[in-house]
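# Examination of the molecular architecture
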Amino acid sequence: MLYPELLKLLAYKGMTKKDLAKVLGITPQALGKKMVGKTDFKRGEMQIVKEYFLDICPDITMDQIFEQNIFLS
């Protein structure tokens with residue numbers, strides 16, 4: 001999986017990738033391809049994701065959500 005921060009947000013809300021696919025209006029298979037980097041998230045989809053998680057992370061940016069690297073602290 002390429003998007004560790006997105007996965008953390010899903011876990012925090014108790015959501016599955018299938019739930020996120022519904023939020024985005026795409027199939028779980030399409031989301032799966034995006035999550036492994038076979039296809040890209042569209043800018044509009046990224047904005048929907050950001051807005052969806054504003055309640056738990058009001059200051060989060062799309063760059064943070066869609067960061068593909070894991071940084072150890």
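Details of the structure are given in the entry above.
Residues numbered from 1 in each chain as written. Predicted model: local features only at pLDDT ≥ 70, side-chain atom pairs only at ≥ 80, totals over all residues. Heavy atoms only, no water.

What follows deals with the nonpolar core. Core analysis: the biggest nonpolar cluster contains 18 residues, and Leu-6, Phe-41, Val-49 and Phe-66 have the highest contact counts within it. Each residue touching Leu-6, except ones within four places of it in the same chain, is listed here: Leu-20, Met-35, Phe-41, Val-49, Phe-53, Ile-65 and Phe-66. (Core = buried A, V, L, I, M, F, W, Y, C linked by side-chain atoms within 4.5 Å. Buried < 20%, exposed > 50% of the residue type's maximum accessible area, 1.4 Å probe, protein only. Contact = heavy atoms within 4.5 Å.)

The full count for this structure, using the stated rule, is four aromatic pairs. Both rings, one in Tyr-3 and one in Phe-41, keep their centres 5.3 Å apart while their planes meet at 80°; by these two values the pair is edge-to-face. One end of the pair, Tyr-3, is in the segment before α1 (4-13); the other, Phe-41, is in the loop between α3 (28-35) and α4 (43-52), and 38 residues separate them in sequence. Pair check on accessibility: Tyr-3 and Phe-41 agree, each one buried. Put simply, the rings of Tyr-3, Phe-41 and Phe-66 pair up and form one aromatic cluster. In this structure, Lys-13 packs its charged tip against the face of Tyr-52, placed 4.1 Å from the ring centre. Residue placement shows Lys-34 over the ring face of Phe-41; its charged tip is 5.8 Å from the ring centre. (Phe/Tyr/Trp six-rings, centres within 6.5 Å; stacked < 30°, edge-to-face > 60°. Helix = DSSP H or I, 4+ residues; strand = E, 2+ residues; numbered from the N terminus. Lys NZ or Arg CZ within 6 Å of the ring centre and 35° of its normal.)

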